[in-house]
Amino acid sequence: MQLDKAKIRQSFAAASVTYDGVAALQRSVGKALLAMIDSENLGGTLLDVGCGTGFLTANLVGRLERGTQNVACTMLIALDIALPMLQVTREKLADTSNVSYICADAEQLPLAGQSVDGVFSNLALQWCVNLETVFSDMKRVLKPSGQLVFSTFGPQTLQELKAAWAEVDDFNHVNKFYSEPQLRQFLRQAGYSTVSIETSIYRPSYASVLALMKELKHIGAHNVMAGRNKNMTGKMQMRQMMAAYERHRDGGFIPATFEVMIVRAS
């Protein structure tokens, strides 16, 4: 996949003020991811990659506070490519002393080898270009007994929107996502011996296609692919796409498919 990192950074920076108001899906997936984490053995140094506005980070802090671990001996690192997102997380957790913040690209982790006990990420790694390199670098920073737990989108995601645009032109309007076999291959090649993946389909409904597209923009998840049509999409093309999408309308609403994979690897 070819992704424009500058556009990714800009998109999520711009979305920092609107993200929490529309990120219901991200919170639902985050809760499912948290259910996969072994809280009893949660401790040491933990890394939240692509922390966004801090949903996962805050919940990890809460689990540590409710658990038996010595919180004073536990450090959380919140990392995000967009500084405004990181600032929102820091404001939310201003009263928490054991969280540090790093503005960095997930594809270039500025951490020492074997310095982290757990790596967690909620719906962020789909914005990485070379996942095999990402997984290898996470393996590098993880301690031998550490575990990687993350969620990401699968190829069925936004299939209705993709099909509607395909009736209008041949340009990429929807980001592409890796499949489960591809993820397993990348993780194996990166040195993970144990990999488990659970796949779920989320299908929220929207009053209109425009409402869906506004939500995607407000969470920073609109198209950031390199090589897309550099000309602005005209009103006629937009109307054609919406008319094609309308054929999916059911019971007064239009659906949007999100394929979510939750992965544990060690």
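Placed above this text is the structure.
Here's what I pulled together on the structure shown here.

The rules behind these values
Residues numbered from 1 in each chain as written. Predicted model: local features only at pLDDT ≥ 70, side-chain atom pairs only at ≥ 80, totals over all residues. Heavy atoms only, no water. Axes fitted to C-alpha atoms, helices over the stretch in contact; angles between N-to-C directions. Helix = DSSP H or I, 4+ residues; strand = E, 2+ residues; numbered from the N terminus. Parallel < 35°, antiparallel > 145°, perpendicular 65-115°, else oblique. Left-handed = near helix turned anticlockwise from the far one by under 90°. Contact = heavy atoms within 4.5 Å. Nonpolar A, V, L, I, M, F, W, Y, C, P; charged D, E, K, R; others polar. Buried < 20%, exposed > 50% of the residue type's maximum accessible area, 1.4 Å probe, protein only. Arc of directions from axis to C-beta. Pairing = 2+ DSSP bridges.

## Let's talk about the packing of helix α7 (residues 159-166) against helix α10 (residues 235-245)
Here's step 1: At a minimum axis distance of 8 Å, the contact between α7 and α10 shows a crossing angle of 125°. Our classification of the angle between α7 and α10 gives oblique. For the pair α7 and α10, the crossing hand works out as right-handed. Judged by residue contacts, E160, L161, A164 and W165 of α7 engage Q237, M238, M241, A244 and Y245 from α10.
Here's step 2: Class assignment for the residues of the contact of α7 with α10 results in 7 nonpolar, 1 polar and 1 charged.

## Focus: the packing of helix α6 (residues 131-141) against helix α8 (residues 180-189)
Here's step 1: α8 packs onto α6 with a crossing angle of 45° between their chain directions and a minimal axis gap of 8 Å. In this view, α6 runs oblique relative to α8, as classed from their interaxial angle. At the point where α6 passes α8, the crossing takes the right-handed sense. Here L131, E132 and F135 of α6 lie close against α8, whose contacting residues are L183, F186, L187 and Q189.
Here's step 2: Split by residue class, the contact of α6 with α8 holds 5 nonpolar, 1 polar and 1 charged.

## Observations concerning α8
Here's step 1: What α8 keeps buried is the set L183, F186 and L187. All buried residues of α8 project into a common sector of 95° when viewed along the axis, lining one side.
Here's step 2: Residues of α8 that are buried in the fold lie against α6, β5 (142-153), β6 (195-202) and β9 (258-265).
Here's step 3: Phi for G191, located one or two positions after α8, is positive at around 105°.

## Digging into the sheet that holds strand β4 (residues 116-122)
Two orientations exist for strands paired in a sheet by backbone hydrogen bonds: parallel and antiparallel.
Here's step 1: Strand order across the open sheet formed by 7 strands is β3-β2-β1-β4-β5-β9-β6, with mixed pairing between neighbours. Looking at strand neighbours, the two that pair on one side only are β3 (99-103) and β6, the edges of this open sheet. Between one strand and the next, the sheet's axes are offset by a mean angle of 15°, whatever the strand orientation.
Here's step 2: Pairing of β4 with β5 involves 6 bridges; the strand directions are parallel. Looking across to β5, one finds that S121 is bridged to F150.
Here's step 3: Running at roughly 145° to β5, helix α3 (residues 24-35) makes contact with β4, β5, β6 and β9 of the sheet.

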